[in-house]
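Architecture and fold: a report
Listed here are the chains, written in short residue letters.
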Amino acid sequence: MTAILGYVDGDEMLMMADSNTWAGCRLVAGEQPKVFVHGPALIGTAGGLRHRQIVRYHVETLPRCEGPEAAAVDYVEGLMVGWVEKVRVAFREHGFMGKEKEYGVDNFGQDDELIVAYAGHLWTLDPCWAVIHHGQGPTAVGCATQAARAAMVALLAREPKDMDYGLKVEALMRRALEATAVVDSHIRSPFTLLRAPWR
């Protein structure tokens, strides 16, 4: 029931999400934003409301990462991997951890994912805790991941390379999610946008 789109435009990180959220067996539209500011990062959560609340209120924020270190993907990835361990502990302590018996690993829900914009990079965290680097994007998470990402890639390809970005990127992200909503009835406006400088 989710499409969250992330993109890094120069010095600015952007994230936009649709409005549908599942809380138990109830669909809650527009009441609980799927994207939020978390220290120096933007975080989006696809999946249940409970795991979003745990990440937002019980997980320590990532450290600030500026200067030459931010350009070193391996360094930033190390910070992300260390942070994921804190997410796992918080989920276990606050009662939101399943057990994937077939593979013998803890997971946090088959349909739950995180997208993190941090230090000028985009990262996703899959249900088995893998940290995946996506550069500056665009990338997406949620049930409509492929449609949202494909729409944004197509829209970026149509724009002239020398166009003035800024608000233009926001408009492209909105158009991409509007297109996603056309092909996936679970995706619903209004769309929430967050933007934050990373340096």
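Everything that follows concerns the structure shown earlier in this document.
Reference entry: report on the structure contained in this document. (Residues numbered from 1 in each chain as written. Predicted model: local features only at pLDDT ≥ 70, side-chain atom pairs only at ≥ 80, totals over all residues. Heavy atoms only, no water.)

**Things to note about the sheet that holds strand β12 (residues 139-141)**
Basically, it comes down to this: Strands pair, by our definition, only if DSSP identifies at least two bridges between them. In DSSP terms, a helix is any run of H or I states spanning at least four residues, a strand is any run of E spanning at least two, and both are numbered starting from the N terminus. Only the contacting stretch of a helix is used when fitting its axis, a line to C-alpha atoms as for every element, and angles between N-to-C directions run 0 to 180 degrees.
One open sheet accounts for four strands, arranged β12-β1-β2-β13; its pairing is antiparallel. The open sheet has two free edges, formed respectively by β12 and β13 (192-197), since each of these has just one partner strand. The sheet shows a mean angle of 20 degrees between the axes of neighbouring strands, taken without regard to direction. Here strand β1 (residues 4-9) runs beside β12; their pairing, made up of three bridges, is antiparallel. Bridge pairing links Leu5 to Ala140 in β12.

**Notes on unusual backbone geometry**
How we decide: Accessible area is worked out with a 1.4 Å probe on protein chains only. A residue is then buried under 20% of its type maximum, exposed over 50%, and partly exposed in between.
In this chain, Gly137 is followed by Pro138 through a cis amide linkage whose omega measures 10 degrees. With respect to the element layout, Pro138 can be found in the loop between β11 (131-133) and β12. Of note, the amide linkage connecting Ser189 to Pro190 takes the cis form, showing an omega dihedral of 5 degrees. Counting through the fold element by element, Pro190 comes out in the loop between α5 (167-183) and β13. The backbone of Ala119 sits at a positive phi, close to 55 degrees, despite the residue not being glycine. If you trace the backbone, Ala119 turns up in the loop between β9 (113-118) and β10 (121-125). Ala119 sits in the buried class, given a relative accessible area of 5%. The backbone phi angle of Trp129 is positive, close to 75 degrees, even though this residue is not glycine. Within the element layout of this structure, Trp129 appears in the loop between β10 and β11. On the accessibility criterion, Trp129 (8% relative accessible area) is buried.

**Quick look at the packing of helix α1 (residues 49-58) against helix α3 (residues 73-93)**
Going by this rule: What sets the label is the angle itself: under 35 degrees gives roughly parallel, over 145 gives roughly antiparallel, 65 to 115 gives roughly perpendicular, and the rest give oblique. Put simply, a crossing is left-handed when the front helix is turned counterclockwise from the back one by less than a right angle, and right-handed when it is turned clockwise. Here, residues are in contact when the closest pair of their heavy atoms is within 4.5 Å. Following the grouping adopted for this structure description, the nonpolar residues are Ala, Val, Leu, Ile, Met, Phe, Trp, Tyr, Cys and Pro, the charged ones are Asp, Glu, Lys and Arg, and the polar ones are all others, Gly among them.
Following both chains from N to C, one finds α1 and α3 inclined at 120 degrees, their axes separated by 10 Å at the closest point. Here α1 lies oblique to α3, going by the angle between them. The handedness of the crossing between α1 and α3 is right-handed. Along its contact with α1, which presents His51, Ile54, Val55 and His58, the element α3 presents Trp83, Val87, Ala90 and Phe91. In terms of residue class, the contact of α1 with α3 is built from six nonpolar, two polar and no charged.

**As for the nonpolar core**
In plain terms, the rule: Here, the term nonpolar core denotes a set of buried Ala, Val, Leu, Ile, Met, Phe, Trp, Tyr and Cys residues that are joined through side-chain atoms within 4.5 Å.
Grouped together as the largest cluster of nonpolar side chains are 38 residues, with contacts concentrated most on Ile43, Val55, Met80, Trp83, Val116 and Tyr118. Broken down by secondary-structure element, the contributors of at least two residues to this core are β1, β2 (12-17), β5 (35-38), β6 (41-46), α1, α3, β9 and β10. Element by element, the count of residues in this core is highest for α3, at seven residues. Once you skip the residues sitting within four places of it in the chain, Val55 turns out to touch Phe36, His38, Ile43, Trp83, Val87, Phe91 and Leu114. One finds Ala3, Ala151, Met152 and Leu172 within the second-largest nonpolar core, a separate group that totals 20 residues.

**Describing the sheet that holds β6**
Taken together, five strands build an open sheet; the order of strands is β5-β6-β9-β10-β11 and the sheet is antiparallel. The open sheet is flanked by β5 and β11, the only strands paired with a single partner. Each neighbouring strand pair of the sheet contributes to a mean axis angle of 25 degrees, computed without reference to strand direction. The sheet contacts of α1 involve β5, β6 and β9, and relative to β5 the element is tilted by about 20 degrees.

**A word on α3**
Which entries qualify depends on this criterion: Expected span, for any helix, means 1.5 Å times one less than how many residues it has. For this quantity, the arc is that covered by the directions from the helix axis to the C-beta atoms.
For α3, which comprises 21 residues, the first-to-last C-alpha distance of 30 Å matches the rise-based estimate of 30 Å (1.5 Å per residue) to within 8%. Within α3 the residues assigned to the buried category are Val76, Met80, Trp83, Val84, Val87, Ala90 and Phe91. Relative to the axis of α3, the buried residues are bounded by an arc of 125 degrees and lie together on one face. Those residues of α3 that are exposed and angled more than 90 degrees off the buried face are Asp74 and Glu93. Once α3 ends, the next one or two residues include Gly95, with phi positive near 75 degrees.

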